[in-house]
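Structural description and commentary
Now for the letters of each chain:
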Amino acid sequence: AQSVSQHNHHVILSEAASLELGCNYSYGGTVNLFWYVQYPGQHLQLLLKYFSGDPLVKGIKGFEAEFIKSKFSFNLRKPSVQWSDTAEYFCAVNAGNTGFQKLVFGTGTRLLVSP
Amino acid sequence: SAVISQKPSRDICQRGTSLTIQCQVDSQVTMMFWYRQQPGQSLTLIATANQGSEATYESGFVIDKFPISRPNLTFSTLTVSNMSPEDSSIYLCSVEAAAYNEQFFGPGTRLTVL
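Remember, it's a predicted structure, so these values are computed and weren't measured experimentally. (Residues numbered from 1 in each chain as written. Chains lettered and ligands numbered in written order. Predicted model: local features only at pLDDT ≥ 70, side-chain atom pairs only at ≥ 80, totals over all residues. Heavy atoms only, no water.)

1. Remarks on the environment of A:Val113
Residue and element names in this part refer to chain A. Along the chain, Val113 falls in strand E12 (residues 109–114). Taking the C-alpha atoms as reference points, Val113 and Glu15, 98 residues apart in sequence, are found 6.0 Å from one another. Ignoring sequence-local partners within four residues, the contact set of Val113 consists of Leu13, Ser14, Glu15, Val81, Gln82, Trp83, Asp85 and Thr86. (Helix = DSSP H or I, 4+ residues; strand = E, 2+ residues; numbered from the N terminus. Contact = heavy atoms within 4.5 Å.)

Next up, the structure:
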């Protein structure tokens, strides 16, 4: 069975600091990878996704993630965080052969950015 | 994108009762999903609901406990039956928008069982 690990459960940063959130998955075949974000009081929304092609994926709000197949990783990065990035971030994986998105989520990382 | 609403947004229920959660989408979608997010844990897929067929349940979830209806392409319900405190969780509905290759999520229903 697929699984997703997010090693940082809580991260506290000051504004302008750089961010990297780790995500590792366990599945040997083709995968589709996602990062979702949930801002306080809001719905889960998609930050970025990787299906194929360039392993460096750019998403909304200045976020990017790099797919490293050999490491089974899909870490999320942002060079300079803002207070408005305070949210919970979820990594998710879908095995690429199901024909639809059967997502397996990590446990999430709560990011607090202090002004 | 798809706009999803859920009712109720939250509820407090007594042990042994049942609660039906509604999910409404503003456009027709083929795939709808129900997830559970227990306190401090990740989102876990309960079942996939396709219109015109029975829902497909994930390991650990059964129809008797979580019956699902999908009467049309814009609506689904999830019932949490014979509730216990362990069912206290956030229940989320999502839909797959094939044109976007992504899932859109509803706001969730926060359930507390006493």
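2. Considerations on the interface of chain A and chain B
Between chain A and chain B, the residue contacts involve 15 residues of the former and 19 residues of the latter. Roughly 1,500 Å² is buried in total at the junction of chain A and chain B, and carbon and sulfur atoms are behind 55% of that figure. For the pair chain A and chain B, the number of links is one salt bridge. B:Glu58 is paired through a salt bridge with A:Lys102; the nearest N and O atoms lie 3.2 Å apart. The interface formed by chain A and chain B includes five residue pairs in polar contact (both at pLDDT 80 or more). (Buried area = accessible area lost by both parts, 1.4 Å probe. Salt bridge = Lys/Arg side-chain N within 4 Å of Asp/Glu carboxyl O. Polar contact = N/O pair within 3.5 Å; in protein donor to acceptor, adjacent residues only side chain to side chain.)

3. What about the state of the cysteines?
Residue and element names in this part refer to chain B. For the structure on display, the rule yields two disulfides over all chains. Each sulfur of the disulfide joining Cys23 and Cys93 lies 1.9 Å from the other. Its torsion about the S-S bond being -65°, the disulfide of Cys23 and Cys93 is classed as left-handed. Within this pair, whereas Cys23 is found in strand E3 (residues 19–25), its partner Cys93 is found in strand E9 (residues 89–97), the two being separated by 70 residues in sequence. Of the two residues examined, Cys23 and Cys93, each falls in the buried class. (Disulfide = S-S within 2.5 Å. Buried < 20%, exposed > 50% of the residue type's maximum accessible area, 1.4 Å probe, protein only.)

4. Describing the layout of surface pockets
In this structure, the largest pocket occupies an estimated 820 Å³ of space. Along its surface, the largest pocket is lined by 35 residues, and A:Gln38, A:Glu88, A:Arg110, B:Ile90 and B:Arg110 are the ones closest to its centre. For the lining of the largest pocket, the elements supplying multiple residues, two or more each, are strand E2 (10–14), strand E10 (87–95) and E12 of chain A together with E9 and strand E11 (109–113) of chain B. Here the lining of the largest pocket gets four residues from one element, more than from any other, and that element is E11(B). Of the residues contributing to the lining of the largest pocket, the split by class is 12 nonpolar, 19 polar and four charged. In this structure, the second largest pocket encloses a volume near 190 Å³. (1 Å grid on protein atoms, 1.4 Å probe; cavity = no way out; pocket = protein on both sides within 12 Å on 5 of 7 lines; lining within 4 Å. Points joined across faces, edges and corners; volume = space filled by probe spheres on them. Nonpolar A, V, L, I, M, F, W, Y, C, P; charged D, E, K, R; others polar.)

5. Quick notes on the pattern of salt bridges
Taken as a whole and assessed by the stated rule, the structure comprises seven salt bridges over all chains. Residue A:Glu64 pairs with A:Arg77 through a salt bridge whose shortest N-O separation is 3.4 Å. A residue pair is termed long-range when its members are at least 10 positions apart, and A:Glu64 in strand E8 (residues 64–68) and A:Arg77 in strand E9 (residues 73–78) qualify at 13 residues. Ionic pairing is found between B:Asp87 and B:Lys65, a salt bridge with its closest N-O pair at 2.6 Å. Separated by 22 residues along the polypeptide, B:Asp87 in the loop between strand E8 (75–80) and E9 and B:Lys65 in the loop between strand E6 (56–57) and strand E7 (68–72) bring together distant segments of the chain. By the burial criterion, B:Asp87 is buried, and B:Lys65 matches it.

6. Examining the side chain of A:Glu64
You can call A:Glu64 buried: its relative accessible area is 18%. In this structure, A:Glu64 is in contact with A:Leu48, A:Leu56, A:Val57, A:Lys58, A:Gly59, A:Asn75, A:Leu76 and A:Arg77, ignoring residues within four places of it in sequence.

7. Description of the pairing of strand E5 (residues 43–50) of chain B
Within a regular strand, the side chains alternate between the two sheet faces. Residue and element names in this part refer to chain B. Counting buried residues along E5, six of its eight residues qualify, which places the element largely inside the surrounding structure. Across seven bridges, strand E4 (residues 31–37) lies against E5 in antiparallel orientation. Its bridge partner lying in E5, Arg36 is registered against Thr44. Counting the residues that bridge the hairpin from E4 to E5 gives five residues, and of these Gly40 lies at a positive phi of roughly 75°. In this sheet, E6 lies alongside E5 in antiparallel orientation, the contact comprising two bridges. (Pairing = 2+ DSSP bridges.)

8. Focus on unusual backbone geometry
Here the residue pair B:Lys7 and B:Pro8 is connected by a cis peptide bond, since its omega of -10° sits within 30 degrees of zero. Counting through the fold element by element, B:Pro8 comes out in the loop between strand E1 (4–7) and strand E2 (10–13). Residues other than glycine seldom take positive phi values, yet A:Lys61 does so here, at roughly 60°. Residue A:Lys61 is classed as partly exposed on the basis of its relative accessible area of 47%. Look at A:Phe72: it is not a glycine, yet its phi comes out positive at around 50°.

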